[in-house]
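Analysis of the macromolecular model
Here's the letter readout for the chains.
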Amino acid sequence: MKKVFGLLTAVGLMTAPLAQASTVTVSGSTSVAHVMEVLAENYQNNTNTSVEVQSTGSSAGIRAAKDGTSMIGMSSRNVKDNELNSDTKEVVIARDGIAAAVNNANPVKNLTQEQISKIYRGEIKNWSQVGGESRPIVVVTRENGSGTRGAFEEIMKLQRTINGHKVTAISPTAQVGNGNGMIKTIVANNPYAIGYISLGSVDSSLRAIDVNGVAATDDNIATGDYQIARPFIVLIDKNAPDNANNFIEYILSEDGQKIVAEEGYIRVQ
């Protein structure tokens, strides 16, 4: 029995690296993770490769790809040059809008980008100032390190420079929600709240408002008429194993891009 056990143990040790090698690790943006999990599930059903997806935020995903703790990193904001090294490759897998979302009971249907910016700066504090009820606006933002927050701040000019460093201009009184799901829950349960989430995450629990008179739709993002939009990026080392590269090839294939569109995002192929 000891010999048999020893043999089985040896076989197990020999096969463990093979099992590990068939797993692709992906981490980063919670927004990208929404569609990535669906892509991973479909890919696993048709291959012998396992794909593990972790929602850790864009900044963490960029670092993970750079230092090799994940084979693939996910970002829902543009990646800065100083966040990469010479071996890191960026691939845009989809495009997404950022929806300014309100409670279904809120009568406000449209805001300008300037009004939204002033709301987040704390300069507009009551819904009556933008055509709504005379009620204080409950401002909800994403956590630091969120790619959605980074993209939203950049597009909406919600950053200021102090001592040469860019810092947020979002009001410190804003409520903070970790992930699209928490933002949706807060806004869906408060008729006077406003938050921003990935357009692909909008559902019947809340409503995306028009911005500058333009509806937040895939067609309007594709034409550039709806301007609060950003890329979904994956990052991979140029020397990454074949299984990681094969998964990215699948995402960019007709089958993968069909899933991107079905999940409410804009395909790039």
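Shown above is the structure to which this text applies.
Rules and cut-offs
- Residues numbered from 1 in each chain as written.
- Predicted model: local features only at pLDDT ≥ 70, side-chain atom pairs only at ≥ 80, totals over all residues.
- Heavy atoms only, no water.
- Helix = DSSP H or I, 4+ residues; strand = E, 2+ residues; numbered from the N terminus.
- Buried < 20%, exposed > 50% of the residue type's maximum accessible area, 1.4 Å probe, protein only.
- Areas by Shrake-Rupley, 256 points an atom, 1.4 Å probe, with all protein chains shown as cover.
- Lys, Arg positive; Asp, Glu negative; His and termini not counted.
- Charge placed at Lys NZ, Arg CZ, Asp CG, Glu CD.
- Contact = heavy atoms within 4.5 Å.
- Polar contact = N/O pair within 3.5 Å; in protein donor to acceptor, adjacent residues only side chain to side chain.
- Arc of directions from axis to C-beta.
- Salt bridge = Lys/Arg side-chain N within 4 Å of Asp/Glu carboxyl O.

Details of the overall build of the chain
Check the secondary structure of the chain and you find nine helices and 13 strands. Taken along the three principal axes of its C-alpha coordinates, the chain extends 80 × 45 × 40 Å. The buried share of the chain, taken over its 269 residues, is 46%. Surface accessibility of the chain: about 13,300 Å² in total, with carbon and sulfur atoms responsible for 49%. On the chain, the mean spot of the 24 positive side-chain charges and the mean spot of the 27 negative ones are 7 Å from each other.

Considerations on the environment of Y120
The residue Y120 is located in helix 4 (residues 113–121) in this model. Along the backbone, Y120 and G150 are 30 residues apart, and their C-alpha atoms lie at a distance of 14 Å. Those residues in contact with Y120 that lie beyond four places of it in its chain are V139, V140, T141, F152, L158, A169, I170, S171, I194, G195 and Y196. Within the local environment of Y120, its side chain forms a polar contact with the backbone oxygen of V140, the two atoms lying 2.7 Å apart. A polar contact is formed between the side chain of Y120 and the backbone oxygen of I194, at a distance of 3.4 Å.

Quick word on helix 9 (residues 254–262)
Among all positions in helix 9, only G256, Q257, I259 and V260 are buried. Each buried residue of helix 9 sits inside an arc of 150° when the element is viewed along its axis, so together they form one side. Opposite its buried face, helix 9 presents the exposed residues E254, D255 and E262, each directed more than 90 degrees away. Contact partners of the buried residues in helix 9: helix 2 (30–46), strand 4 (88–102) and helix 8 (242–252). Looking at the residues trailing helix 9, positive phi occurs at G264, about 95°.

A few points about the pattern of salt bridges
Under the counting rule described, the total for this entry stands at seven salt bridges. R77 is the partner of E83 in a salt bridge, and the nearest nitrogen-oxygen pair spans 2.7 Å. For R77, a relative accessible area of 9% gives the class buried. In this structure, E114 engages K118 in a salt bridge whose closest nitrogen and oxygen atoms are separated by 3.5 Å. Separated by four residues within a single helix, E114 and K118 lie in helix 4, roughly one turn from each other. Take E114: its relative accessible area is 52%, and that puts it in the exposed class. The partly exposed category is assigned to K118, whose relative accessible area is 30%.

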